[in-house]
Amino acid sequence: MRATSSFAAAAAILAASVSAATPAYLGFNSGSTLPDRSAKFKKDFVQEFTTAQNLKNAPGKFDAVRLYTNIQAYSETSEPIEAFDAAIDTNTKILLGVWASGVPNIDAELKALENGLKKFGSKLTDLVIGISIGSEDLYRDSATGIKNKAGLGAGPDKLVKFINDFKTKFANTPLASIPVGHVDTWDAWVNGTNKAVVDAVDFVGVDEYPYYENGKGNNIENSGQLFDRAYNAVKAAIGDKELWMTETGWPYVGETWDLAVPSVKNAQYFWQEVGCRKLFNKVPTFWYTLRDSNPDNTMKFAITKNLNTEPMFDLTCPTTFKTPEAAESSGSEKPPSSTGTNAPAPTGGADSPTGTGAGTGTGSSTSPTPTGGASFKTFSYAAAALSAAAYLAALL
């Protein structure tokens, strides 16, 4: 009887946690400028959001967007970014971004958001699904980021202060009930010196690019396994905090990075083996990217050509996958090393709040056949969850 009631209690707890979970939003990242560094205006954002919601063969409706800043590009008076107005017109959900690197405070960001609330009221707040205070600031502030000349960052103490500043500023507004998080590279989250940020946020935004994982067999065939190892390392480090996948993708053109080869075929493989298998309709996901906007990055990640709703490759998710699933480590295995000394600054608007960039290519209806490479043993979070459920039942 005790065993029966224990399992029932465990099931109830697990069911409650699932029902309370954040919806698995589907979206893309969007910066504030175009590839020629000119400002984006409402019409530009409307075009992006409309394309995202109408992509052929997409595994769901991509009706969310992650922004890097609240400030309209080149504004000197904290004008709210015109993405707000575009989101209202297209019913696009928004993960707000507050730029936090290289600044003594976030007053201008908060003022722009405040101006947006005054202008749009509930039409805007009803679309806000989360707020990210900062983007890859911990990475840029790390020894690796400094070595890679990634730009000015912010340490954990500064970020925690900014998070608290935001919560204080909007404590008596509808945004008070919206989850507040921070976005950073996966290895920043597994670094214990950043635990204060983990403790301060409601969700952890993760930027993860197996393409840049030098020295780990980062050919496309291993991309899913490298992704899983990093993903599970972050899950282990953040405890019960929610994980949102805020940037990931594979370039269709650019330089070969160790064993990682950019191509349309490999971008499709990554979409299938990481996006379809691990992320889409499972966790909040913001793919990098719909349209490239960073002219300084020679690697291009866009899945569309000129925002055409016919993507460069077929977005259909397969029913079977090539990435092997293995039992998760018991904890004795050392987690994978960080993106390390060989990795560049990740691509998703890491150097400034101007963000993302331009795609070319044609659609493909066939599954890609990537180049060969080494094989890695991987973890399985599903197996870990099952073990956790059994453990919880035993305790009860």
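Below is a short write-up of the structure.

About the cut-offs
- Residues numbered from 1 in each chain as written.
- Predicted model: local features only at pLDDT ≥ 70, side-chain atom pairs only at ≥ 80, totals over all residues.
- Heavy atoms only, no water.
- Helix = DSSP H or I, 4+ residues; strand = E, 2+ residues; numbered from the N terminus.
- Buried < 20%, exposed > 50% of the residue type's maximum accessible area, 1.4 Å probe, protein only.
- Contact = heavy atoms within 4.5 Å.
- Areas by Shrake-Rupley, 256 points an atom, 1.4 Å probe, with all protein chains shown as cover.
- Phe/Tyr/Trp six-rings, centres within 6.5 Å; stacked < 30°, edge-to-face > 60°.
- Pairing = 2+ DSSP bridges.
- Right-handed = clockwise from strand over helix to strand, strands pointing away.
- Expected span 1.5 Å × (residues − 1).
- Salt bridge = Lys/Arg side-chain N within 4 Å of Asp/Glu carboxyl O.
- Core = buried A, V, L, I, M, F, W, Y, C linked by side-chain atoms within 4.5 Å.
- Arc of directions from axis to C-beta.
- Axes fitted to C-alpha atoms, helices over the stretch in contact; angles between N-to-C directions.
- Parallel < 35°, antiparallel > 145°, perpendicular 65-115°, else oblique.
- Left-handed = near helix turned anticlockwise from the far one by under 90°.
- Nonpolar A, V, L, I, M, F, W, Y, C, P; charged D, E, K, R; others polar.

### Considerations on the overall build of the chain
(1) Moving on: The helix and strand inventory of the chain stands at 13 helices and 8 strands.
(2) Moving on: Per-residue burial over the chain gives 54% buried out of 396 residues.
(3) Moving on: Pairs at least 24 residues apart make up 79% of the contacts formed inside the chain by residues separated by at least 6 positions.
(4) Moving on: Summed over all atoms, the accessible surface of the chain reaches about 16300 Å², with 55% contributed by carbon and sulfur.

### Remarks on the packing of aromatic side chains
(1) Moving on: Enumeration according to the criterion identifies 22 aromatic pairs in this entry.
(2) Moving on: Pairing Y209 with Y212 gives two aromatic rings, centres 5.9 Å apart and planes at 70°, and the pair type is edge-to-face. For the pair Y209 and Y212, a shared accessibility class is recorded, and that class is buried.
(3) Moving on: On the basis of an interplanar angle of 70° and a centroid distance of 5.2 Å, the ring pair of Y288 and F301 is categorised as edge-to-face.

### Some details on the pairing of strand β2 (residues 64–67)
(1) Moving on: Residues of β2 alternate between two faces, with A64 and R66 on one and V65 and L67 on the opposite face, all of them buried.
(2) Moving on: Inspection of the sheet shows strand β1 (residues 26–30) paired to β2 by 4 bridges, in the parallel sense. When the bridges of β2 are listed, N29 appears paired with R66.
(3) Moving on: Taken together, β1, helix α2 (residues 42–53) and β2 form a β-α-β motif whose crossover is right-handed.
(4) Moving on: With 3 bridges connecting them, β2 and strand β3 (residues 93–98) associate as parallel partners. The residue bridging V65 from the neighbouring strand is I94, located in β3.

### Structural notes on α2
(1) Moving on: Across its 12 residues, α2 extends 17 Å between first and last C-alpha, which sits within 8% of the 16 Å expected from 1.5 Å per residue.
(2) Moving on: The complete set of buried residues in α2 reads D44, F45, E48, F49, T51, A52 and Q53.
(3) Moving on: Packing partners of the buried residues in α2 comprise β1, β2 and α3 (83–90).

### Examining the pattern of salt bridges
(1) Moving on: Summed over all chains, the structure comprises 18 salt bridges.
(2) Moving on: E48 serves as the salt-bridge partner of K40, at 2.5 Å between the closest nitrogen and oxygen.
(3) Moving on: By relative accessible area, K40 is classed as buried at 0%.
(4) Moving on: When salt bridges with common partners are traced through the structure, they connect D228, R277, K278 and E325 into a single cluster.

### Quick notes on the nonpolar core
(1) Moving on: Ranked by size, the top nonpolar core spans 85 residues in total, and within it F84, I94, I131, F166, W271, L279 and I303 carry the most contacts.
(2) Moving on: Sort the elements by how many residues they give to this core and helix α12 (residues 264–279) lands first, with 7 residues.
(3) Moving on: If near-sequence neighbours (up to four positions away) are discounted, I303 is found in contact with F28, L55, W271, W287, T289, L290, P311, M312, F313 and L315.
(4) Moving on: If you look at the next biggest cluster of nonpolar residues, it comprises 7 residues, including L95, I129, W244 and F286.

### Some points on unusual backbone geometry
Glycine aside, negative phi is the norm for most residues, and most peptide bonds take the trans geometry.
(1) Moving on: Of note, the amide linkage connecting Y288 to T289 takes the cis form, showing an omega dihedral of 5°.
(2) Moving on: In this fold, T289 is placed in the loop between β8 (285–287) and α13 (381–395).
(3) Moving on: A positive phi angle is found at Y74, which is not glycine, with a value near 70°.
(4) Moving on: On the secondary structure map, Y74 appears in the loop between β2 and α3.
(5) Moving on: The phi dihedral of L307 falls on the positive side, at around 60°, and the residue is not glycine.
(6) Moving on: Here L307 shows up in the loop between β8 and α13.

### Some thoughts on the pairing of β3
Looking down a regular strand, the side chains alternate between one sheet face and the other.
(1) Moving on: With 5 of 6 residues buried, β3 is to be regarded as a mostly interior element.
(2) Moving on: Where the polypeptide runs from β2 across α3 and back to β3, its parallel neighbour, the crossover connection is right-handed.
(3) Moving on: In the sheet, β3 pairs with strand β4 (residues 128–135) via 5 bridges, with the strands oriented parallel. Paired with L96 across the bridge in β4 is I131.

### Regarding the environment of F84
(1) Moving on: Mapped onto the elements, F84 comes out in helix α3.
(2) Moving on: In this structure, F84 is in contact with L67, N70, I94, L96, L113, G116, F120 and L124, ignoring residues within four places of it in sequence.

### Here's the deal with helix α4 (residues 107–120)
(1) Moving on: Helix length check: α4, at 14 residues, gives a terminal C-alpha distance of 20 Å against a target of 20 Å (1.5 Å per residue), a fit within 8%.
(2) Moving on: Turning to α4, its buried residues are E109, L110, A112, L113, G116, L117 and F120. Projected down its long axis, α4 shows its buried positions confined to an angular sector of 160°, all on one face. Along α4, exposed side chains directed more than 90 degrees from the buried face belong to K118 and K119.

### A short note on the environment of E208
(1) Moving on: Along the polypeptide, E208 turns up in the loop between β6 (203–207) and α11 (223–238).
(2) Moving on: In the structure, E208 is positioned 23 residues away from T185 in sequence and 6.1 Å away in space, judged by C-alpha atoms.
(3) Moving on: Those residues in contact with E208 that sit more than four places away from it in its chain are W186, L226, F227, D228, A230, Y231, M245, E247 and T248.

### Observations regarding the packing of α4 against helix α8 (residues 156–169)
(1) Moving on: The geometry of α4 relative to α8 is characterised by a closest axis approach of 11 Å and an angle of 25° between their N-to-C directions. Classified by the angle between their axes, α4 and α8 sit roughly parallel to one another. Here the hand of the crossing between α4 and α8 comes out right-handed. Each of L110, L113 and E114 in α4 lies in contact with α8, whose residues at this interface are D165, F166 and K169.
(2) Moving on: Here the residues of the contact of α4 with α8 sort into 3 nonpolar, no polar and 3 charged.

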